[in-house]
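# Survey of secondary and tertiary structure
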Amino acid sequence: MTNPLYDNLFGAHIGKTTPFLHLLNGETITYQDFLAMAAQMANMMALMDLEPGDRVAVQIQKSPEALALYAACVQSGLVFLPLNTAYTVSELSYFIEDSGAALIVCDRASEAQLTALSESLNAVVETLNADGTGSLMEKSSGLPTTFSTVDRRADDLVAFLYTSGTTGRSKGAMLTQANLLSNATILAKEWHFSAKDKLLHALPIFHTHGLFVATNVTLVAGGSMIFMPKFDQDKLIEFMPQATTMMGVPTFYTRLLDDKRFTRNLTSHIRLFISGSAPLLAETHIQFEERTGHLILERYGMTETNMNTSNPYEGERRPGTVGFPLPGIEVRITDVTTGEVLDNGEIGQIEVRGPNVFVGYWNMPEKTAAELRENGFFITGDLGKVDEDGYIHIVGRNKDLIISGGYNIYPKEIELVLDMQPGVLESAVIGVPHADFGETVLGVIVPEPGQSPDLENIMDEVKRSLARFKHPRKLLLIDELPRNTMGKVQKMVLKERYQDISV
Ligand code: MLC
Ligand code: AMP
């Protein structure tokens, strides 16, 4: 093997004329055509003198071409750095600067702003639009449809995925060939994926779930995907009878359950529904089974580790749990303060060790050392326990994090913006229950003495700075923040106080 990830995910399918992507307009892209497109992009990047290990920062809409760019980066030994399409230019500038990206690929809509930014960073900007047009395609389309795959070792980097931090500064999780390949191989086997599978793919491809779980598993198995540009309820219903599997965040499943067209009959061709990225309520599991006869398989993962645990394919899928550690992956529960390993039934922090665990945060050795123990265990920041049958339950988080519709939102990042606004003394951002997104963002603001900050102006500034999904759905003025004797803001008190607030 010269490049284990490329060889197993992509190279294994060279020459295959079977479908890889089914598009909503009825067109199909075969493995052969997809790999040819990727090879052309790899040739184009080689002409730009990019070196293996260089970062390619990508903020583009979901499209077959976007996925081919991922394949091209793997084949070229370049580090793929996908970015949420909702990020504002001010958010993007951090990722691009921090990663030292050599190439930025973006939609034409942000080309001018990113070009201005790239000039000071020595990066090159190319465009790739939602419809597959743009300079990247223009420059690559005439090039050879084969490319000499760049040699890579198992511990070479393949991707950076930025995940926000408790201090408000995002951390670039560095993932290797071995991280991604081991996980894709394990999951494909555990979930019985085969070349016959047709996965309904409505997730974004800038996160672990849509890119490394859904796509990599399909590639390992040689199956195909019904590739939707985004979540679209009508299209999901229309295409479901053609699919064999679906992966989604809990919001996908609660939205489907709210739809009368979603019936047992509609799902009869599906063999497996998988959920993850956020907790799926036990009652959603139960309603889903009553409506369709299917038990959703819930699994647990994160950006730094890909997937850690899964309910079984065969055997009892236990609602409210995330199942067992995947083969080759160790999970232990430790005391938050002492780090001591706890017995089954006791609640503590979830730690994970295995070939799936990332190698560290880019340029942040202290943060890496704080979360990744020398013995290889990664401290996830999730709280959980193991029950008497070995099923893992996630019961909370030891990190200040809100998960809204499967997107992670770190309160600190929003608080930093709120605190800078005129008339604001301090603020706290918390997650409150939300029927559609599971949790959503609420901001509480303490004014400076004698001041009455203008909440509309503050929201305008939030909109300028932060991606839409991070915007507080409501801002409230309060007299003071609840604090403990150490002076620490008691977010739990705020969460209880506002748990029934309508946002
Ligand atoms: C969209 N909006 C959100 C939002 N998604 N706001 C908060 N949280 C979200 N998740 C905004 C929209 O911009 C819009 O703004 C408004 O909310 C309503 O939009 P919508 O049309 O209802 O949203 P939609 O486009 O349908 O998106 C919802 C969604 C999407 C659930 C389909 O968020 C999604 O695809 N989520 C999946 C995230 C994911 O892949 N996570 C995996 C992370 S990996 P306006 O301006 O119109 O009001 C990971 C590891 C692991 O966690 O274990 O998998
Ligand atoms: P991310 O940083 O986007 O990778 O998000 C990872 C976090 O999502 C985990 O640390 C968990 O808090 C959460 N998560 C993922 N899957 C599940 C699940 N099945 N149940 C509960 N939380 C989950």
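Residues numbered from 1 in each chain as written. Chains lettered and ligands numbered in written order. Predicted model: local features only at pLDDT ≥ 70, side-chain atom pairs only at ≥ 80, totals over all residues. Heavy atoms only, no water.

What follows concerns the UniProt feature "domain: AMP-binding enzyme C-terminal" (unreviewed entry) in the protein chain. The sites that UniProt annotates as "domain: AMP-binding enzyme C-terminal" (unreviewed entry) are residues 413–488. Taken end to end, residues 413–488 is 24% helix and 33% strand, and its first and last C-alpha atoms sit 17 Å apart. (UniProt positions renumbered as here; feature names shortened; annotations may be inferred. Helix = DSSP H or I, 4+ residues; strand = E, 2+ residues; numbered from the N terminus.)

Turning to the side chain of Thr303, a few remarks are in order. Tracing the sequence through the fold places Thr303 in the loop between β13 (297–302) and β14 (306–310). Ignoring any residue separated from it by four or fewer positions in sequence, one finds Thr303 in contact with Leu161, Thr163, Ala173, Leu175 and Thr208. (Contact = heavy atoms within 4.5 Å.)

Our focus in this paragraph is the site of ligand 1. Surveying the vicinity of ligand 1 reveals 24 residues, the closest of which are Arg255, Ser277, Arg299, Ser404 and Arg468. For ligand 1, an oxygen atom lies 3.5 Å from a polar atom in the side chain of Lys230. Residue Gly406 places a main-chain N or O atom 2.9 Å away from a nitrogen atom belonging to ligand 1. Alone, ligand 1 offers 1,000 Å² of accessible surface; in the complex the protein occludes 75% of this. Residues that form the shell around ligand 1 fall into these classes: 10 nonpolar, nine polar and five charged. When residues are assigned to domains, the shell around ligand 1 turns out to be shared by domain 2 (231–397) and domain 3 (401–498), each giving three or more. (Near = heavy atom within 4 Å. Polar contact = N/O pair within 3.5 Å; in protein donor to acceptor, adjacent residues only side chain to side chain. Areas by Shrake-Rupley, 256 points an atom, 1.4 Å probe, with all protein chains shown as cover. Nonpolar A, V, L, I, M, F, W, Y, C, P; charged D, E, K, R; others polar. Domains from an automatic or database assignment.)

So, on to the packing of helix α7 (residues 177–190) against helix α8 (residues 208–221). Contact geometry for α7 and α8: axes closest at 8 Å, N-to-C directions at 70°. Taken together, the axes of α7 and α8 are roughly perpendicular relative to one another. Within the contact between the two elements, α7 uses Leu180, Ala184, Thr185, Leu187 and Ala188 and α8 uses Phe212, Val213, Asn216, Val217 and Val220. Partitioned by chemical class, the residues of the contact of α7 with α8 number eight nonpolar, two polar and no charged. (Axes fitted to C-alpha atoms, helices over the stretch in contact; angles between N-to-C directions. Parallel < 35°, antiparallel > 145°, perpendicular 65-115°, else oblique.)

According to the stated counting rule, one finds 25 salt bridges in the structure shown. Notably, a salt bridge pairs Arg353 with Glu330, separated by 2.9 Å at the nearest N-O pair. In this pair, Arg353 is assigned in strand β17 (residues 348–353) and Glu330 in strand β16 (residues 330–334), connecting sequence segments 23 residues apart. On the basis of relative accessibility, which here comes to 26%, the residue Arg353 falls in the partly exposed class. A relative accessible area of 39% means that Glu330 is categorised as partly exposed. Between Glu461 and Arg464 there is a salt bridge, with its nearest N and O atoms 2.9 Å apart. In this pair, Glu461 and Arg464 both sit in helix α14 (residues 455–465), three residues apart, roughly one turn of the helix. Since its relative accessible area comes to 24%, Glu461 is described here as partly exposed. When salt bridges with common partners are traced through the structure, they connect Glu316, Arg318, Asp387 and Asp389 into a single cluster. (Salt bridge = Lys/Arg side-chain N within 4 Å of Asp/Glu carboxyl O. Buried < 20%, exposed > 50% of the residue type's maximum accessible area, 1.4 Å probe, protein only.)

Time to look at the packing of aromatic side chains. Two numbers describe a pair of aromatic rings. These are the distance of the centres and the angle of the planes. In total, this model carries 22 aromatic pairs according to the counting rule given. Seen in terms of ring centroids, Phe358 and Phe378 are 5.1 Å apart; in terms of plane orientation they differ by 80°. Their pairing is edge-to-face. Of the two residues, Phe358 sits in the loop between β17 and β18 (360–361) while Phe378 sits in strand β19 (residues 378–386), which places them 20 residues apart along the sequence. Comparing Phe358 with Phe378 shows no difference in burial state: the two are buried. Put simply, the rings of Tyr6, Phe10, Phe20, Tyr31, Phe34, Tyr70, Phe80 and Phe212 touch in pairs and so form one group of aromatic residues. Note that Lys62 overlies the ring of Phe227, its terminal NZ or CZ placed 4.9 Å from the centroid. (Phe/Tyr/Trp six-rings, centres within 6.5 Å; stacked < 30°, edge-to-face > 60°. Lys NZ or Arg CZ within 6 Å of the ring centre and 35° of its normal.)

On to the site of ligand 2, then. The environment of ligand 2 is made up of 17 residues, and the closest members are Arg299, Thr303, Asp382, Lys399 and Asn408. One of the backbone N or O atoms of Thr303 is found 2.5 Å from an oxygen atom in ligand 2. In the environment of ligand 2, an oxygen atom lies 2.8 Å from a nitrogen or oxygen atom belonging to the side chain of Lys399. Considering ligand 2 on its own, with 500 Å² of exposed area, one finds that the protein chains cover 93% of that surface. Among the elements of the structure, β13 and β20 (392–397) are those that each provide at least two residues to the shell around ligand 2. If you tally residues by element for the shell around ligand 2, the top one is β13, at five residues. A per-class count over the shell around ligand 2 returns seven nonpolar, five polar and five charged.

Where helix α2 (residues 31–47) meets helix α3 (residues 64–76), the axes come as close as 8 Å, and the angle between the chain directions of the two elements is 60°. On the basis of the axis angle, α2 is oblique to α3. Handedness of the α2/α3 crossing: right-handed. Together, Phe34, Met37, Ala38, Ala39, Met41, Ala42 and Met45 of α2 and Pro64, Glu65, Leu67, Ala68, Leu69, Ala71, Ala72, Cys73, Gln75 and Ser76 of α3 make up the contact between the two elements. (Left-handed = near helix turned anticlockwise from the far one by under 90°.)

It is worth spelling out the environment of Pro472 at this point. Along the polypeptide, Pro472 turns up in the loop between α14 and β25 (474–477). The spacing of Pro472 and Ile414 is 58 residues in sequence and 8.3 Å in space, taken between C-alpha atoms. Other than its neighbours up to four places away in sequence, Pro472 contacts Ile414, Val441, Gly443, Met459 and Val462.

Reading across the sheet, the four strands line up as β16-β17-β19-β20 and stay open at both edges, with antiparallel pairing between neighbours. Since the sheet does not close on itself, it has two edges, and those belong to β16 and β20, each with one partner. Pairwise comparison of adjacent strand axes, ignoring direction, gives a mean angle of 50° for this sheet. When β17 meets β19, the two strands line up antiparallel, connected through four bridges. Residue pairing across strands places Gly348 opposite Gly384, the latter belonging to β19. (Pairing = 2+ DSSP bridges.)

Next up on the list: the pairing of strand β10 (residues 224–227). Burial along β10 is two-sided: the residues Ser224 and Ile226 and Met225 and Phe227 are all buried. Bridge analysis of strand β1 (residues 19–22) against β10 gives two bridges, and the strand direction is parallel. Within β10, the position partnered with Leu21 by the bridge is Met225. Summarising the sheet, strand β9 (residues 198–201) and β10 pair through four bridges and their orientation is parallel.

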